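So you can see what is in the structure, the chains are spelled out below.
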Amino acid sequence: MAKEHIGIMGGTLDPIHEGHIRMARAAAKTVRLDRIIMLPTGNPPHKTNISPAEDRWRMLCAATAKEPMLEPSRMEMDREGVIYTVDTLREIQQQNPKAELYYMIGSDTLLDLKNWRNYEQVLTMCRFLVCPRPWDASPEEITEERKRLTAMGGKFISVDMEPVDVASSELRKALCEDKPAPHLPVVCATYARLAGLYGIAPHLDRAEEWLGKLFADLTVKRFAHTLAVTHTARQLAMLHGVDVKKAEVAAVLHDCAKCMPLKEMQAICREHSLTDDPAVLESGALMHSLVGAYLASEKYGVEDPDILHAIANHTTGCAEMTRLDMVVYLADKIEPTRDPYPTLDRVRMLAQLSL
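The notes below deal with the structure included here. (Residues numbered from 1 in each chain as written. Predicted model: local features only at pLDDT ≥ 70, side-chain atom pairs only at ≥ 80, totals over all residues. Heavy atoms only, no water.)

Describing the pairing of strand E5 (residues 127-131)
Here is step 1 of the chain: Extensive coverage of E5 is indicated by the burial of four of its five residues.
Here is step 2 of the chain: When strand E4 (residues 100-106) meets E5, the two strands line up parallel, connected through five bridges. Its bridge partner lying in E5, Gly106 is registered against Cys131.
Here is step 3 of the chain: A crossover connection joins E4 to the parallel E5 through helix H4 (residues 119-125); in handedness this β-α-β unit is right-handed.
Here is step 4 of the chain: Bridging between E5 and strand E6 (residues 156-158) involves three bridges; their strand directions are parallel. Looking across to E6, one finds that Phe128 is bridged to Phe156. (Buried < 20%, exposed > 50% of the residue type's maximum accessible area, 1.4 Å probe, protein only. Helix = DSSP H or I, 4+ residues; strand = E, 2+ residues; numbered from the N terminus. Pairing = 2+ DSSP bridges. Right-handed = clockwise from strand over helix to strand, strands pointing away.)

Right, dumping it as structure tokens:
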């Protein structure tokens, strides 16, 4: 049986951005990795003032929801005490004794390896995939250090890719100043704004509670879709003069019942007389809108009838839809991570002109 080739990307991932994802794809192509473990650290010895681990975890899961090779892991987040790479590699080796491990670093990190705990041992535990960075130290200095570490037994493979000129610190600053952050996945930017990370005023009054419930109740892909719909609803509301706060709340909760078992949805519908339509009662795809509006009221405490109406009709639409209804309905259909369908580009274009 051939060895499995496992890539590893660590770091605070605060937040994960397109640079990380591009590095992972390029590294996977360079050595034909089978999968890449993404490891947001919990308590790094060299970093302070990082975002809460659960927020970074949810953003990572959402950003990689459609990247089948990228595998988020809580290994470092859930380990107590100070986190060191040597301990992580040892744990991955124990779980995958026959695998070849490849640890991804930026070329600038070569100069810092000597400061890692038990770095001499680390050099023997994995190969390093070295990705170019635009802010490298002098090439001569990096070359000399690579030679020294190689002589000690280190194995280094250069990843063929254009340097990624993006830093998490710059993205955090852009978000805080309400400026564009083009290299940040939409789902991460939306999550940060909803949760109030990086100095942003939270867009949701009960962000920690709501986002925690949604992440627990939805699949990762559905959670990512929810964030993308919220982004699009906000954009459409601003463009067409609809209440932005209402649009965001309705979009955040529009699929809150989507992953509920069919029998549970049917029981709620019958108990609370939400519908007696047999076609709807047999379809979770239709019923989750009605049950979602019920849960938004009973579980999330939403009292605004406009928001509840938009949630209840986001799948089927209805006669005399309000502009808020239209915003949420359209956002669900055209959000940026939506899989293509024949008229998607046209609907996206028309939605900019008129609801």
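Some thoughts on the pattern of salt bridges
Here is step 1 of the chain: Inspection of every chain in the model, using the stated rule, returns 25 salt bridges.
Here is step 2 of the chain: A salt bridge links Asp339 to Lys66; the shortest N-O distance between them is 2.8 Å. Here Asp339, found in the loop between helix H15 (323-334) and helix H16 (344-353), pairs with Lys66, found in the loop between helix H2 (53-63) and strand E3 (70-72); they are 273 residues apart in sequence, far enough to count as distant.
Here is step 3 of the chain: Look at Asp339 and you get exposed, because its relative accessible area is 51%.
Here is step 4 of the chain: We note a salt bridge from Asp87 to Arg90, for which the minimum N-O separation is 3.1 Å. Residue Asp87 and its partner Arg90 are both found in helix H3 (residues 85-95); the two are separated by three residues, about one turn of the helix.
Here is step 5 of the chain: Judged by its relative accessible area of 30%, Arg90 is partly exposed.
Here is step 6 of the chain: If you follow the salt bridges from partner to partner, you end up with Lys3, Glu100 and Arg127 in one network. (Salt bridge = Lys/Arg side-chain N within 4 Å of Asp/Glu carboxyl O.)

Considerations on the sheet that holds E3
Here is step 1 of the chain: The six strands lie next to each other as E3-E2-E1-E4-E5-E6, forming an open sheet whose pairing is parallel. Strands at the two margins of the open sheet, each flanked by one partner only, are E3 and E6. For this sheet the average axis-to-axis angle between neighbouring strands, irrespective of direction, equals 30°.
Here is step 2 of the chain: Across the sheet, helix H1 (residues 18-31) touches strand E1 (5-11), strand E2 (35-40), E3, E4, E5 and E6, and the angle it forms with E4 is around 140°. (Axes fitted to C-alpha atoms, helices over the stretch in contact; angles between N-to-C directions. Contact = heavy atoms within 4.5 Å.)

What about helix H13 (residues 284-298)?
Here is step 1 of the chain: For H13, built from 15 residues, the straight-helix expectation of 21 Å at 1.5 Å per residue is met to within 8% by its first-to-last C-alpha distance of 19 Å.
Here is step 2 of the chain: Leu290 marks where H13 bends most, by close to 25°.
Here is step 3 of the chain: Taken together, the buried positions of H13 are Met287, His288, Ser289, Val291, Gly292, Ala293, Tyr294, Leu295 and Ala296.
Here is step 4 of the chain: Buried-residue contacts for H13 involve helix H10 (244-253), helix H11 (262-271), helix H12 (278-281) and helix H14 (305-312). (Expected span 1.5 Å × (residues − 1). Bend = angle between axes of the 7 residues up to and from the residue.)

Read these as geometric descriptors, not functional statements.
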